[in-house]
Amino acid sequence: MERIEVMGCPMDLASMDQTVETIREAVVAGRFTQHVVVNVAKLVHMRDDAQLRESVESCDIINIDGMGVVLGARFLGHYVRERVAGVDLFHELLAMSAREGLSVYLLGAQDEVVSATARKVEVLYPGLQIAGYHHGYFWDDEAAMVEKIRASGAKLLFVAITSPKKENFINRWRDELGVTFVMGVGGTFDVVAGKVKRAPLWMQKYGLEWLYRVIQEPGRMWKRYLTTNSRFAWMLLLEKLRPQAPIHATAINEAQRSRRNIEQAAQRVASDLDQAIEASFDSGDAADRKVS
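Residues numbered from 1 in each chain as written. Predicted model: local features only at pLDDT ≥ 70, side-chain atom pairs only at ≥ 80, totals over all residues. Heavy atoms only, no water.

**Quick notes on the pattern of salt bridges**
A side chain of one charge can pair with a side chain of the opposite charge if their charged atoms are brought near each other.
Now for step 1: Applying the stated criterion to the full structure yields 15 salt bridges.
Now for step 2: When the shortest N-O distance is used, the salt bridge between Glu21 and Arg24 registers 2.8 Å. Placement of both Glu21 and Arg24 in helix H1 (residues 16-29) is noted, with a separation of three residues, approximately one turn of the helix.
Now for step 3: Its salt-bridge partner being Glu167, residue Lys166 comes within 3.3 Å of it at the nearest N-O pair. In terms of burial, Lys166 and Glu167 fall into one category: buried.
Now for step 4: The network of salt bridges with common partners includes Asp65, Arg83, Asp88, Arg198 and Glu209. (Salt bridge = Lys/Arg side-chain N within 4 Å of Asp/Glu carboxyl O. Helix = DSSP H or I, 4+ residues; strand = E, 2+ residues; numbered from the N terminus. Buried < 20%, exposed > 50% of the residue type's maximum accessible area, 1.4 Å probe, protein only.)

So, in structure tokens, the structure goes:
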């Protein structure tokens, strides 16, 4: 899994299949993995929120979720084949957990939403073990919530709380949760429970999910997306125009020496090969003279 950096944020270039398999191997082996996805809004807020930045950079896997980030990374010269949307990864990991017999815990959203999500995924993924679920309003006693998760024995934890609360909660309690995998899934439970509709596939493909959200909730979303999208576009332009750091003279000299060494080695190999061919012809001629 290759890691790049876009506008100061580390990101992993991985397909959905690579991500799921990496997580599966880690969970089966008992290695703790903290996961996060980044989108336009998160990149923008990381510029001003040092705690959010630390929480994101502490993650073992950082997938690119939003198409805006995919297109931005490509604009800056990075080859990003696809995005790994958090809601899609959530479903893939539930399917994997059902196959592998791994238990999960669902944390976040309103009580009726998380309970509806639990019922829905049990139907979607027969054999899935749900160790427990709880709504996202527990801030008066985080330690008690963490203990409940630990006591459940769950292997995977999905946190459906708004950003940056979920990232900071996960990073703050990662060593006490008792799970081997944890990721924030934002508004995924609302989608699974049917409270919010997801954008059509064609809008997802062209990075227009934000527009669909604005259409669904114009009073709450228009200002948020106008502000973050405009600022992201400006950040992207500044990054594109930023002068590249000059190459140090030592690095240039080292590269030149390496090239000369390779050329000299190639010349020696060619010379040895010529001598071997000539020797072969000479021995053949001698054999012919002896026969005649």
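Next comes the rest of the write-up.
**With respect to the environment of Gly136**
Now for step 1: Positionally, Gly136 belongs in the loop between strand S6 (129-134) and helix H7 (142-152).
Now for step 2: Looking at Gly136, the relative accessible area reads 6%, which means it is buried.
Now for step 3: Here the alpha-carbon distance between Gly136 and Lys166, two residues 30 residues apart in the chain, equals 9.5 Å.

**Some thoughts on the packing of aromatic side chains**
Now for step 1: What the rule picks out here adds up to six aromatic pairs.
Now for step 2: Where Phe90 meets Phe189, the ring centres are 5.9 Å apart and the plane angle is 55°; that geometry is what we call tilted. Note that Phe90 is positioned in helix H5 (residues 86-100) and Phe189 in helix H9 (residues 188-192), a separation of 99 residues in sequence.
Now for step 3: Relative accessible area serves as the criterion here: at 0%, Phe90 is assigned to the buried category.
Now for step 4: Their ring planes at 90° and their centres at 6.0 Å tell us that Trp139 and Phe169 sit as a pair that is edge-to-face. With Trp139 in the loop between S6 and H7 and Phe169 in helix H8 (residues 165-173), the pair connects residues that are 30 residues apart, well separated along the chain.
Now for step 5: Residue classification places Trp139 among the partly exposed positions, given a relative accessible area of 28%. (Phe/Tyr/Trp six-rings, centres within 6.5 Å; stacked < 30°, edge-to-face > 60°.)

**As for the confidence of the model for the protein chain**
Now for step 1: Confidence in the prediction for the protein chain averages 87 pLDDT; 83% of positions are at 70 or higher.
Now for step 2: Segment residues 283-292: pLDDT under 50, and zero contacts once partners within four positions in sequence are set aside and those in other chains are kept. (pLDDT = per-residue confidence, 0-100. Contact = heavy atoms within 4.5 Å.)

**As for unusual backbone geometry**
Now for step 1: The step from Ser163 to Pro164 runs through a cis peptide bond, and the omega angle for that step is 5°.
Now for step 2: Positive phi outside glycine occurs at Met7, with the angle close to 50°.
Now for step 3: Its location among the elements puts Met7 in the loop between strand S1 (2-6) and strand S2 (9-13).
Now for step 4: Within the chain, Ala109 stands out as a residue other than glycine whose phi angle is a positive 65°.
Now for step 5: With respect to the secondary-structure elements, Ala109 resides in the loop between strand S5 (103-108) and helix H6 (111-124).
Now for step 6: Ala109 sits in the buried class, given a relative accessible area of 14%.

**Digging into the nonpolar core**
Now for step 1: Counting residues in each nonpolar core, the largest one holds 31 residues, and the members touching the most others are Phe90, Leu93, Phe158 and Phe189.
Now for step 2: Among the elements of the structure, H1, H5, S5, H6, strand S7 (156-160), strand S8 (181-184) and H9 are those that each provide at least two residues to this core.
Now for step 3: Among the elements that take part in this core, H5 stands out by supplying seven residues, more than any other.
Now for step 4: Setting aside chain neighbours within four positions, we find Phe189 in contact with Phe90, Leu106, Leu107, Gly108, Ala109, Val113, Val114, Thr117, Phe158 and Ala160.
Now for step 5: Ile4, Val36, Val44 and Ala73 belong to the second largest nonpolar core, which has 25 residues in total. (Core = buried A, V, L, I, M, F, W, Y, C linked by side-chain atoms within 4.5 Å.)

**Overview of the pairing of S1**
Now for step 1: As defined by bridge partners, S1 adjoins S2 across five bridges and the pair is classed as antiparallel. Bridge assignment links Glu2 to a residue of S2, and that residue is Leu13. (Pairing = 2+ DSSP bridges.)

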